[in-house]
Amino acid sequence: MEKVINCIDPENNGSSEIGDFVKCVECEKTMITDIGLEHCPLCGEFDKLMWVNDDYREITIKELIKMGYEVIPEIEIRIK
Ligand SMILES: [Zn+2]
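Residues numbered from 1 in each chain as written. Predicted model: local features only at pLDDT ≥ 70, side-chain atom pairs only at ≥ 80, totals over all residues.

Peer 1: Can you lay out the overall build of the chain for me, pointing to particular residues and giving the numbers?
Peer 2: Across its full length, the chain carries three helices and six strands. Taken from the N to the C terminus, the helices and strands of the chain come in the order β-α-β-β-β-β-α-β-α. Here the chain has a C-alpha radius of gyration of 11 Å; the compact-globule value for 80 residues is 12 Å, and the two agree. Considering only C-alpha atoms, the chain reaches an extent of 30 × 25 × 25 Å along its principal axes. Taking all 80 residues of the chain together, the buried fraction comes to 20%. Of all intrachain contacts in the chain linking residues separated by at least 6 positions in sequence, the fraction that spans at least 24 positions is 58%. (Helix = DSSP H or I, 4+ residues; strand = E, 2+ residues; numbered from the N terminus. Rg over C-alpha atoms; globule rule 2.2 N^0.38 Å. Buried ≥ 20, exposed ≤ 12 C-beta atoms within 10 Å, placed from the backbone. Contact = placed C-beta atoms within 7 Å.)

Peer 1: Could you give me a rundown of the environment of Met31, with the residues and numbers involved?
Peer 2: Of note, Met31 is situated in strand E3 (residues 30-33). The spatial distance from the C-alpha of Met31 to the C-alpha of Lys48 is 12 Å, given a sequence separation of 17 residues. Residues in contact with Met31, not counting those within four places in the same chain, are Val4, Ile5, Cys7, Val22 and Leu42.

Peer 1: So what's going on with the pairing of E3? Which residues, and what values?
Peer 2: Here strand E1 (residues 3-6) runs beside E3; their pairing, made up of two bridges, is parallel. Opposite Ile5, over in E3, you have Met31 as the bridge partner. Alignment of strand E2 (residues 18-24) against E3, held across four bridges, turns out to be antiparallel. Paired with Lys23 across the bridge in E3 is Thr30. Linking E2 back to E3 in an antiparallel pair, the connection comprises five residues, with Glu28 at a positive phi of about 65 degrees. (Pairing = 2+ DSSP bridges.)

What follows is the structure, encoded as structure tokens:
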């Protein structure tokens with residue numbers, strides 16, 4: 001199952017349920033991030049985030065799960 005890393009910071013984003021559905025061309029991770037974020041929350045690079053699906057630029061966690069993605073918390077990536 002394809003993994004999407006949940007990088008949403010609810011305090012910055014204003015919501016923990018909806019975010020930008022993007023892939024970083026630098027670290028090649030697929031993630032859901034704070035809406036409008038310009039840098040990759042995982043590798044810190046700017047202007048490397050690309051939309052995964054033009055029909056779902058903003059997406060909810062529930063929609064991702066419904067589409068068959070496994071949504072995993074960012075903390076699990078940092079531990080490895
Ligand atoms: Zn990155």
